[in-house]
Amino acid sequence: MKIIGLTGGIGTGKSTVSNILKEHHIEIIDADKIARDIVKPGELALLEITEAFGSDILLEDGNLNRGKLADMVFGDSAKLEKLESITMKRIVEIIENKVKELRLRTCGFAIIDAPLLFEAGLDKLCDFVWVVTADEKLRIERVCNRDKITSEQVVSRVKNQKSATELAAKADELIDNSGDIIKLNQRIEELIKFYED
């Protein structure tokens, strides 16, 4: 079985691509879901994050206040690095174990959906990498609408990620999500046909 890494900067629509792949019954290892699971109340990662950033990053029910933590780390490379050091090791370990299981299958492909594919070293587990791209103005607009934040906050987050050029240089396939959903579906169907053979 082939393992394909799927990544893209904030607002490119990587989640939309991932959802379309799920509709085609492609197995997805979702790094964001794993990241959410490891910071649930009672999990070791949440305790470490609370120690590092203070108990005011918790909601009253003990869950992580993601918005508050995001505001705290984006724009501060030292804090972002600290957060990633706490979470990344566990996320990578879980994904490595899942990939080992999947490699036992003989046909088709599976996706590692990870915004920090290269930063986490997850690209080393992949046979190919697909990068989702989109026009920068459109990306900013999408994130502003989705997260109800200002364009300045979005730009700050974008600056903390690999640039579109850096990602494109490491891609085996580019998926441009600047157009409509019909074009996006067509592109994904082409890729599925090609990579399933």
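Residues numbered from 1 in each chain as written. Predicted model: local features only at pLDDT ≥ 70, side-chain atom pairs only at ≥ 80, totals over all residues. Heavy atoms only, no water.

How would you explain the nonpolar core if you had to name every residue and give the values?
If you look at the biggest cluster of nonpolar residues, it comprises 35 residues, and the most contacted ones within it are I49, L69, I95, I112, L117 and L122. Of all elements in the fold, only α2 (31-37), α3 (44-53), α4 (66-73), α5 (77-103), β3 (109-113) and β4 (128-133) reach the threshold of two or more residues within this core. Looking at this core element by element, the count peaks at 9 residues for α5. When near neighbours in sequence (up to four residues on either side) are disregarded, I112 contacts I3, I4, G5, L6, I29, I95, V99, L117, L122, L125 and C126. (Core = buried A, V, L, I, M, F, W, Y, C linked by side-chain atoms within 4.5 Å. Buried < 20%, exposed > 50% of the residue type's maximum accessible area, 1.4 Å probe, protein only. Helix = DSSP H or I, 4+ residues; strand = E, 2+ residues; numbered from the N terminus. Contact = heavy atoms within 4.5 Å.)

Tell me about the environment of I86, and please be specific about residues and values.
Within the element layout of this structure, I86 appears in helix α5. Residue class for I86 comes out buried when judged on its relative accessible area of 4%. C-alpha of I86 to C-alpha of K22: the two residues are 64 residues apart in sequence and 29 Å apart in space. The contacts of I86, once residues within four sequence positions are left out, are A45, E48, I49 and A52.

Could you give an account of the layout of surface pockets, naming the residues involved and the relevant values?
There is about 1,400 Å³ of room inside the largest pocket. Lining the largest pocket are 45 residues, with D32, R36, F74, P115 and R146 sitting closest to its centre. At the level of secondary structure, the elements contributing two or more residues to the lining of the largest pocket comprise α1 (14-23), α2, α4, α5 and α6 (136-147). Grouping the constituent residues of the lining of the largest pocket by class yields 19 nonpolar, 14 polar and 12 charged. (1 Å grid on protein atoms, 1.4 Å probe; cavity = no way out; pocket = protein on both sides within 12 Å on 5 of 7 lines; lining within 4 Å. Points joined across faces, edges and corners; volume = space filled by probe spheres on them. Nonpolar A, V, L, I, M, F, W, Y, C, P; charged D, E, K, R; others polar.)

Go over α1, please, and point to the residues and values.
Helical periodicity: at 3.6 residues per turn, an α-helix aligns residues three or four positions apart in one direction. Of the residues making up α1, those classed as buried are K14, V17, S18, I20 and L21. The arc enclosing the buried residues of α1, seen along the axis, measures out at 160 degrees, which places them on a common side. (Arc of directions from axis to C-beta.)

I'd love a proper account of the pattern of salt bridges, names of residues and values included.
Side chains that differ in charge, positive against negative, can pair when their charged atoms come close. Under the definition given, this model contains 11 salt bridges. The partner of E173 in a salt bridge is R187, and the shortest N-O contact between them spans 3.1 Å. Remark: R187 occurs in helix α9 (residues 181-196) and E173 occurs in strand β5 (residues 173-176); sequence separation between them is 14 residues. Classification of R187 as partly exposed rests on a relative accessible area of 24%. The network of salt bridges with common partners includes E27, K98, E101 and R105. (Salt bridge = Lys/Arg side-chain N within 4 Å of Asp/Glu carboxyl O.)

For the sheet that holds β5, give the residues involved together with the corresponding values.
One open sheet accounts for 5 strands, arranged β2-β3-β1-β4-β5; its pairing is parallel. What marks the edges here is a single partner per strand, and that holds for β2 (27-30) and β5. Strand-to-strand twist across the sheet, computed as the mean angle between neighbouring axes with direction ignored, equals 25 degrees. The sheet contacts of α5 involve β1 (2-8), β2 and β3, and relative to β2 the element is tilted by about 165 degrees. (Pairing = 2+ DSSP bridges. Axes fitted to C-alpha atoms, helices over the stretch in contact; angles between N-to-C directions.)

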